[in-house]
Amino acid sequence: MSRYTRGKEPYAPKMEHVEVPESHVKLRAILFVLAILLAVAAFGFGLNSLLTPETGWKAVEASGSNSGEITLQYNYGAGAQGTAAERRQVNDVYSTALTQAEQQLSQAGNNTVSLYTVSTNPNQTVTVEPILYRALERFCATGSRAIYYGPLYSRYYALFASQYDEAAAEYDPARSSDAGAFTAQIAAFAQNPDQIDLELLGENQVRLNVGKEYLAYARENELDTLLDFGFLKNAFVIDAVADALTDAGLTGAVLTSTDGFSRSLCQGSFGVNLLEATDSGYRQAAAAAYNGPRSVAALRAFPVDSGDALRFYTYEDGTVCPPVLDETTGLLTAANDNLVLFGDGSVGDLALQAMQALSHWDLEGLSCLYSRENAVYCTDKTVEVSQLFAGVTLIRE
């Protein structure tokens, strides 16, 4: 301690006592209590927001293994049960059905009894799961033979995945004589029920009957993917998920795939964009609104973004190979840039009709929307068409 301060008392400020009126004390107490109540209310509101999911249209993210190609939008709060319980049930039903449908309808080998299992066990009775059996029932009921082009789909998947024109041409029947001969042979087998045909035996049992000639050809060429839902698989996956949601009483749903298939299970107004190719890429020719419940199959013959990288191949000369199969020849053929079909019920059935119509341009009796030669055509009076591109004319048929 300094010698100049030794012996002095430590400094302390002078304290003054001020009397606070009793009314101010009460006011302060009241404000304190109100602050506590406000904090409790804010905490309760925040906790309630966390525990009570919002109502209205929300995207549902599927858990488990899936391709990411199918999305679900669900209108929460319309059902009788609480929103939190509804959200859990929707997620459980959607996730389970999506995983099962994608696995069972797949041509990839996995631990599930799938379409691959049926393909690799010709002339044998195979017991499959209900989802696959129902999908095969739907397909066979249409009379389409597209499912029997399995070996050809495998070649086309390789074509779309090619990085160079030389590699792509090896799989392209329009540019390779070997590929053309293979395509013609598979088409001949696929169109002949005596050489390949599915038999549905009931109780989830199926049998793929394959003739001796085709069986020998398949073994010689190491073909095991005799069946394939092909470019329309996602449409049949959507049907399977829609069935599961409907069976559970969950109908506030709209299911959509990245390749243009959609199915709404509830009432409401929904939209679809009509895209068409241009010299520099593509443009939106028009937008259409339709009322649900309804199914939509929107096909196009050109890619639009990186998501289409494995669904199309574009040669350096501008030629595009589209995912549109001509069932009669096995060739990739699209007679127009686009085609949107509207229908009720199965979007798988509708997708088959759309592919057949786009490959042959036979639109008789179809509810459709398309564009060509600077005009947009619509044959469905219930569909509202708007946002026409400048100079584009709307024609109702």
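Numbers given for residues are sequential positions, taken from 1 along each chain in its written order. Confidence filtering applies because this is a predicted model: local features only for residues at pLDDT of at least 70, side-chain atom pairs given and counted only at 80 or more, and all residues used for totals across whole chains, interfaces and linings. The basis for the side-chain values is all heavy atoms of the structure; hydrogens and waters are excluded.

**Student:** Help me out: how do you make sense of the sheet that holds strand 3 (residues 125–127) in this one?
**Tutor:** By way of backbone hydrogen bonds, the strands of a sheet pair with one another, either parallel or antiparallel. Taking strand neighbours across the sheet as the criterion, the three strands line up as 3-5-4 in an open arrangement whose pairing is antiparallel. Sheet topology places strand 3 and strand 4 (196–202) at the edges, where each strand pairs with a single neighbour. Between one strand and the next, the sheet's axes are offset by a mean angle of 25 degrees, whatever the strand orientation. Only strands that DSSP links by at least two bridges are regarded as paired with each other. Each helix is a run of H or I in the DSSP string that is no shorter than four residues. Each strand is a run of E no shorter than two, and both are numbered from the N terminus. As paired strands, strand 4 and strand 5 (residues 205–210) are joined by six bridges and run antiparallel to one another. In this analysis an axis means a line fitted to C-alpha atoms, helices contributing only their contacting stretch, and an angle means the value between N-to-C directions, from 0 to 180 degrees.

**Student:** How should the packing of aromatic side chains be read in this particular structure?
**Tutor:** Aromatic rings considered in pairs are described by the distance between their centres and by the relative angle of their planes. Aromatic contacts are taken between Phe, Tyr and Trp rings whose centres are within 6.5 Å, Trp giving its six-membered ring; a plane angle under 30 degrees counts as stacked, one over 60 as edge-to-face, and the others as tilted. Summed over all chains, the structure comprises 16 aromatic pairs. Ring centres of F160 and F231 lie 5.9 Å apart, and the angle between their planes is 45 degrees; this geometry places the pair in the tilted category. Here the residue F160 occupies a position in helix 5 (residues 150–161), and F231 occupies one in the loop between helix 8 (212–220) and helix 9 (233–247), the gap between them amounting to 71 residues. Residue F160 shares its accessibility class with F231, and that shared class is buried. Site record: aromatic cluster; members linked through ring pairs are W57, F270, Y290 and F342. A simple rule labels every residue: compare its accessible area, found with a 1.4 Å probe on the protein chains alone, to the largest value its type can have, and call it buried under 20%, exposed over 50%, or partly exposed in between.

**Student:** What is the right way to look at the environment of V340 in this model?
**Tutor:** Residue position: V340 is located in strand 11 (residues 338–343). The exposure class of V340 is buried, given its relative accessible area of 2%. For the pair V340 and A298, spaced 42 residues apart in sequence, the C-alpha to C-alpha distance is 4.2 Å. Contacts are assigned to residue pairs that have any heavy atoms within 4.5 Å of one another. In this view, V340 contacts V272, L274, V296, A297, A298, S367, C368 and L369; residues no more than four positions away in its chain are not counted.

**Student:** I'm lost on the environment of L159 in this one. Help?
**Tutor:** Within the secondary structure, L159 sits in helix 5. Placed 153 residues apart in sequence, L159 and F312 show a C-alpha to C-alpha distance of 8.3 Å. In this view, L159 contacts A168, Y171, D172, Y313, Y315, C321 and L332; residues no more than four positions away in its chain are not counted.

**Student:** When you look at the pattern of salt bridges in this model, what are you seeing that I'm missing?
**Tutor:** Opposite charge on two side chains makes pairing possible when the charged atoms of those side chains draw close. Any Lys or Arg side-chain nitrogen located within 4 Å of an Asp or Glu carboxyl oxygen qualifies as a salt bridge. One pass over the structure, following the stated rule, counts ten salt bridges. One salt bridge connects R294 with D380, and the closest N-O pair in it is separated by 2.7 Å. A residue pair is termed long-range when its members are at least 10 positions apart, and R294 in strand 8 (residues 281–300) and D380 in the loop between strand 13 (375–378) and strand 14 (384–386) qualify at 86 residues. With respect to class, R294 is no different from D380; both count as buried. D308 is the partner of R300 in a salt bridge, and the nearest nitrogen-oxygen pair spans 3.0 Å. Where salt bridges share partners, they join R294, D344 and D380 into one cluster.

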